Amino acid sequence: MSAECCRLCGTAPLRTTVTLPRVPANISRLLPPGGPLDDHPVTLRLLQCDECGLAQLAEAPAEHYYDDYLMTVSHSPQMRAYQQAQAAEFVARHGLTGRRVIEVGCGDGHYLACLAAAGAVPVGLEPSARFRDLVAQRGFECHAGYVSRDAPAPGRPYAAFVTRQVLEHVLDLRGFLAGLRASIVADGAGLIEVPSFEQTLENGRFFDLFPDHVNYFTDRTLRLACELAGLAVTWLTRGMNGEYLVAWVQHALFPDAQSLEDAVRRTCTALAEFVAQQRSLGRRVAAWGAGGKGLTTLAAAQVAGLEYVIDSDPHKVGRLTPVSHLRVVPPETLKHEPVDAIVLTALAYREEIIRQCRELLGFRGTIAVLGPTLELV
Ligand SMILES: [Zn+2]
């Protein structure tokens, strides 16, 4: 029994919603006629996460479904027309003409042909050897396997990815989506199509539940899964009479917090040098602001030789700053215990404090405002 924690958000335990005690173990294979039948029903238990809402099965499929499956829907004219229109719109919307697009789980390669007809340069990724043979017969490049966090698509980066009717099978949901993101360029696009669980719920369709579909996506949970993987959803649509849910996504860039590492060194050095330079000229230096920014800066920079810290809050006055152990004093202290320079750390009150220094307290010395570098006012 596997630990039942949510595949998307990690919450445990999951709530059991529906139990079907008797369903086929594998809905992608019909049995051969005649002979002894090695065929046993399985119990299907649909779980739901009360935190993020993802409906899911805990158990892995009983059989090695992916290694050598052969199921195709591209013989249907309705499906062919749907796929051709979708591929054409995807290529047109994202300017993919002449650019490489990877389809993860490309099946018999029908959709690759749709992408090619729309002007893209399609590449397939497919675990089934029988399907890869069919794709090769169509003349398309096709690699073996799937993607994961540690193994993005071979031949990356691609301009875009497509993955249709795959995500509902994937146990390592977060890893798979991370692998998709890592397979495309920084401004790349993607198209993810899954069966619509909205449709299942709206119409009481318990018969949409299959042992090999381990994830059941609503608009909300598909969007959440994509966003958590750094794939911004730009459009969410329904296709094939509402059967499918389609997320159009874009590789989302986020600012890198690593840049703060440089700021620590830069700001602390600038502050220490400023205070040391003032003191070498015989000048006295104080800080203004015993709030979070000030306390953090004074502690991190380990500046020696500050006289005190000014703060307007009477609740702070008379106490010592943590780590740096400086006296917290009221603004009037500037008059009877004067300094020549002030390091301003209460940035939100910058203008108010400068005005107070100059106009009310008659301070004529240097005011150094904390920032990427010290700004001298
Ligand atoms: Zn969850």
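This structure is a prediction, so every number in the text was calculated from the model and none was measured.

This brings us to the pairing of strand β10 (residues 231-239). The pairing of β10 with strand β11 (residues 244-251) spans 8 bridges and is classified as antiparallel. Residue pairing in the sheet places valine 233 in a bridge with valine 249 of β11.

Right, let's talk about the coordination of the zinc ion for a bit. The reference angle at a metal is 109.5 degrees if four donors form a tetrahedron and 90 or 180 degrees if six donors form an octahedron. Within the protein, the zinc ion binds to Cys6 (SG), Cys9 (SG), Cys49 (SG) and Cys52 (SG); these donor distances fall in the range 2.3 Å. In terms of primary sequence, the donors binding the zinc ion are separated according to C-x2-C-x39-C-x2-C. One end of the pair, cysteine 6, is in the segment before β1 (15-23); the other, cysteine 52, is in the loop between β2 (42-48) and β3 (55-56), and 46 residues separate them in sequence. Neither residue differs from the other here; cysteine 6 and cysteine 52 are each classed as buried.

The next subject is the sheet that holds β3. The 4 strands lie next to each other as β1-β2-β3-β9, forming an open sheet whose pairing is antiparallel. This sheet does not close on itself; its edge strands, each paired only once, are β1 and β9 (215-216). As paired strands, β2 and β3 are joined by 2 bridges and run antiparallel to one another. Note that in β3 the partner of leucine 47 across the bridge is glutamine 56.

For the structure on display, the rule yields 13 salt bridges. Ionic pairing is found between glutamate 307 and arginine 284, a salt bridge with its closest N-O pair at 3.1 Å. Of this pair, glutamate 307 sits in the loop between α8 (292-301) and β13 (309-310) while arginine 284 sits in the loop between α7 (259-280) and β12 (285-288), placing them 23 residues apart in sequence. Judged by its relative accessible area of 22%, glutamate 307 falls in the partly exposed class. On the accessibility criterion, arginine 284 (30% relative accessible area) is partly exposed. Residues joined in a network through salt bridges with shared partners are Arg205, Asp208 and Glu243.

Attention now moves to the nonpolar core. Membership of the largest hydrophobic core comes to 37 residues, with the highest contact counts inside it found for Leu167, Leu177, Ile192, Phe217 and Leu222. Elements with a contribution of two residues or more to this core: β4 (100-104), β5 (121-126), β7 (158-164), α4 (173-182), β8 (184-195), α6 (219-228), β10 and β11. At 4 residues, α4 tops the list of elements feeding residues into this core. The residues touching leucine 167, leaving out its near neighbours within four places in the chain, are Leu173, Phe176, Leu177, Ile192, Val194, Asn215, Phe217 and Leu222. Phe90, Leu191, Met240 and Trp248 belong to the second largest nonpolar core, which has 20 residues in total.

Read from one edge of the open sheet, 7 strands run β6-β5-β4-β7-β8-β11-β10, paired in mixed fashion. Edge positions in the sheet fall to β6 (141-144) and β10, since each of these pairs with one other strand and no more. Averaged over all pairs of adjacent strands, the angle between strand axes in this sheet comes to 20°, irrespective of strand direction. Both β4 and β5 contribute to a ladder of 5 bridges, which runs parallel. Looking at the pairing, isoleucine 102 lines up with valine 123 of β5. Here helix α3 (residues 129-138) sits on the sheet and contacts β5 and β6; the angle it forms with β6, its principal contact strand, is near 165°.

The next subject is unusual backbone geometry. A cis geometry characterises the amide bond from alanine 12 onward to proline 13, with omega recorded as -5°. By secondary structure assignment, the location of proline 13 is in the segment before β1. For the peptide bond that leads from arginine 156 to proline 157, omega is 5°, which places it in the cis range. With respect to the helices, strands and loops of the structure, proline 157 is situated in the loop between β6 and β7. A positive phi angle, near 65°, is found at valine 323, a position not held by glycine. Secondary-structure assignment places valine 323 in the loop between β13 and β14 (328-329). Among the residues examined, valine 323 registers a relative accessible area of 62% and is labelled exposed.

Reading the values: rules and limits
Residues numbered from 1 in each chain as written. Predicted model: local features only at pLDDT ≥ 70, side-chain atom pairs only at ≥ 80, totals over all residues. Heavy atoms only, no water. Pairing = 2+ DSSP bridges. Helix = DSSP H or I, 4+ residues; strand = E, 2+ residues; numbered from the N terminus. Donors = N, O, S within 2.8 Å, 3.2 Å for Na, K, Ca; no water. Buried < 20%, exposed > 50% of the residue type's maximum accessible area, 1.4 Å probe, protein only. Salt bridge = Lys/Arg side-chain N within 4 Å of Asp/Glu carboxyl O. Core = buried A, V, L, I, M, F, W, Y, C linked by side-chain atoms within 4.5 Å. Contact = heavy atoms within 4.5 Å. Axes fitted to C-alpha atoms, helices over the stretch in contact; angles between N-to-C directions.

Function cannot be read off these values alone, since they describe shape.
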